[in-house]
Structures are given as C-alpha cells and as structure tokens.
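Structure assessment
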Amino acid sequence: DLGRRRRSVGAQTILISSAVPNEGKTQTAISLARAFALSGKKTLLIDCDLRRPTVHKALGIEPRPGFIDYLSGQAGEDILNDLVTIDPATGLSMIVGATGSRSATDSLLDSARLERLLELAQGWFDFIVIDSSPLLPVVDARLLLRYATAAVIVVRWAQTSQQEVRAALSDPARVNYRNVPLFVVLNQVEVGSFGYGYRGRYKSYYAEAAG
C-alpha cells in the first residue's frame, strides 16, 4: 500500500535516460530494476517516458491505464494502488503507462502529484528506478533529475554520435544543483522491436496533438 510508510530511510532513486531514442534505456531500466528485486530489495519501476511508454511492451504485459490521469489531477490519489503491476518473475512493482501523451508532458512531471507519488514510494521501497524520456529532444529528464540520487545515461555503441553524447552529458549538468552522480552505460542491444519507431531523428517522437 503506497499510502503507508514502512521505512525510516528513503529509497535510492535512479533515473535512466539516453541522449536520443532507440539506445536501449528501457531495457536497461528493466534489467536494473529486476536485478534489485531478485536480490531481495523492494523495488519500484516507473515508466515516466510519458510520450512513448514502452516498459509494458518490452515485458509483454497489459498496462494499467490511469497514470497520466493521476498526474494531471483527473484521478484521485486512491488510484495509486491500482496503478501498480507486479512482475511475476521477480516480484518487481511497476507503474507502466498505457498510451503516450501527445501534448506537452513537462507540466505533468513538474507537478505536486508526481512529488507526492515519489514521497510515498520513498517510504515503502528500497529502490525506485525511473525510465525517462531521452535527454536531447525534451526537458523531461531534466525535471526528473531533482528526484534522483543517481542518473544513468545509456549510449548505444556505434550508433550515437560523439556530439550527441557530449550534449547529453552537459545537458543535465546545467540543472544538477544537488550534484547527483551521473553514470554512462554503453549498450549494444538491439531494441528496435519495442523502441520509438521514429522517422528522422526526433520528428514523430514529439508530434503534438493536432488542434
């Protein structure tokens, strides 16, 4: 029950991002969260890539709708427990999105609702793993950095340019007022089957809703 505090020490909150889409950040987030869960740690994985949530696709599970409704204030806090899905293979707790938001998501991530959710989770879990949007196209990961105790930037070997890597490393540094440690993971896993499916670098990933 996310409404009850169980721990006196807050959870370690790890933000997972990448420079651009299709670098394997979601698989990295899932693997890390599952490893924590298998080691006996209470772990929560949150799909905060609100524009292109893919954790449920990567795991082949049915998502529970309502996360965006909760963040936007259209649903009450009593929905929180209904949002949590348990991974039967590891006991990992997950909040996964059903559909992506086609409008701006920065206000949802910069909200008291998300802060409240993470505050409750801090009192229940040992580790919180947040799968965020890529760094370069939008500000989402920068907004989430304030909640992290560590951040991981996933770089796909022989895919991401040096210029993009340098930009991805310097981008969060401009808002890293708490000196959150930043780590880089080199990744060679092909994730196209459940990636973003964009044409061009960013075109369809951030298409706004018409009208």
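Everything discussed here concerns the structure shown above.
Residues numbered from 1 in each chain as written. Predicted model: local features only at pLDDT ≥ 70, side-chain atom pairs only at ≥ 80, totals over all residues. Heavy atoms only, no water.

Taken in spatial order, the seven strands line up as β3-β4-β2-β5-β1-β6-β7 in an open sheet, and their pairing is mixed. Strands with a single pairing partner mark the edges of an open sheet, and in this sheet they are β3 (84-86) and β7 (182-187). On average, each strand axis in the sheet is inclined to that of its neighbour by 25°, with strand direction left out of account. Bridge count between strand β6 (residues 150-156) and β7: six bridges; the pairing is parallel. If you follow Ala151 over to β7, its bridge partner there is Leu182. In the packing of helix α1 (residues 25-38) onto the sheet, contacts are made with β1 (12-18), β2 (43-47), β5 (127-131) and β6, and the angle to β1 comes to roughly 160°. Lying on the sheet, helix α6 (residues 112-122) is in contact with β1, β2, β4 (93-95) and β5; it crosses β5 at an angle near 150°. (Pairing = 2+ DSSP bridges. Helix = DSSP H or I, 4+ residues; strand = E, 2+ residues; numbered from the N terminus. Axes fitted to C-alpha atoms, helices over the stretch in contact; angles between N-to-C directions. Contact = heavy atoms within 4.5 Å.)

The terminal C-alpha atoms of helix α8 (residues 162-173), which comprises twelve residues, lie 17 Å apart, in line with the 16 Å expected from a rise of 1.5 Å per residue. Here the buried face of α8 lies against α7 (140-144), β6 and β7. (Expected span 1.5 Å × (residues − 1).)

A full pass over the atoms with the stated rule returns two cavities of 30 Å³ or more. In this structure, the second largest cavity is lined by Leu15, Ser17, Leu135, Ala141, Leu145, Ala151, Val152, Ile153, Pro172 and Leu182. At the level of secondary structure, the elements contributing two or more residues to the lining of the second largest cavity comprise β1 and β6. (1 Å grid on protein atoms, 1.4 Å probe; cavity = no way out; pocket = protein on both sides within 12 Å on 5 of 7 lines; lining within 4 Å. Points joined across faces, edges and corners; volume = space filled by probe spheres on them.)

Taken as a whole and judged by the stated rule, the model has one aromatic pair. Taken together, a centroid distance of 3.9 Å and an interplanar angle of 5° make the contact between Phe36 and Phe127 stacked. In this pair, Phe36 sits in helix α1 while Phe127 sits in strand β5, placing the two residues 91 residues apart along the sequence. One exposure class covers both Phe36 and Phe127, and it is buried. A cation over a ring is seen here: Lys42 above Trp124, with NZ or CZ 4.8 Å from the ring centre. (Phe/Tyr/Trp six-rings, centres within 6.5 Å; stacked < 30°, edge-to-face > 60°. Buried < 20%, exposed > 50% of the residue type's maximum accessible area, 1.4 Å probe, protein only. Lys NZ or Arg CZ within 6 Å of the ring centre and 35° of its normal.)

What follows deals with α6. Every buried residue belonging to α6 is among Leu114, Leu117, Leu118, Leu120 and Ala121, and all of these are buried. Down the axis, α6 shows its buried residues gathered within 160° of arc, on one side only. (Arc of directions from axis to C-beta.)

Let's shift gears to the environment of Val175. One can find Val175 in the loop between α8 and β7. Separated by 32 residues in the primary sequence, Val175 and Leu143 have C-alpha atoms spaced 8.6 Å apart. With residues up to four places along the chain from it excluded, the contact list for Val175 reads Arg142 and Leu145.

This paragraph deals with the environment of Ala151. Mapping Ala151 onto the fold places it in strand β6. For Ala151, a relative accessible area of 4% corresponds to the buried category. Between the C-alpha atom of Ala151 and that of Pro181, which follows or precedes it by 30 residues, the distance is 6.2 Å.

For the coordinates displayed, the defined rule picks out six salt bridges. A salt bridge links Asp87 to Arg34; the shortest N-O distance between them is 2.8 Å. Taken as a pair, Asp87 in the loop between β3 and β4 and Arg34 in helix α1 lie far apart in primary sequence, 53 residues in all. We classify Arg34 as partly exposed; its relative accessible area is 27%. The residue Arg116 makes a salt bridge to Glu119 at a minimum N-O spacing of 3.3 Å. Placement of both Arg116 and Glu119 in helix α6 is noted, with a separation of three residues, approximately one turn of the helix. (Salt bridge = Lys/Arg side-chain N within 4 Å of Asp/Glu carboxyl O.)

A grouping of Trp157, Leu169, Val184 and Leu186 is seen on the molecular surface, where their side chains present a nonpolar patch of about 410 Å² in accessible area. Along the chain, Trp157 turns up in the loop between β6 and α8. The exposure class of Trp157 is exposed, given its relative accessible area of 53%. (Patch = residues over 30% accessible without salt bridge, like charges linked within 9 Å, V, L, I, M, F, W, Y side chains within 5 Å. Areas by Shrake-Rupley, 256 points an atom, 1.4 Å probe, with all protein chains shown as cover.)

Any link to function would need more than the numbers given here.
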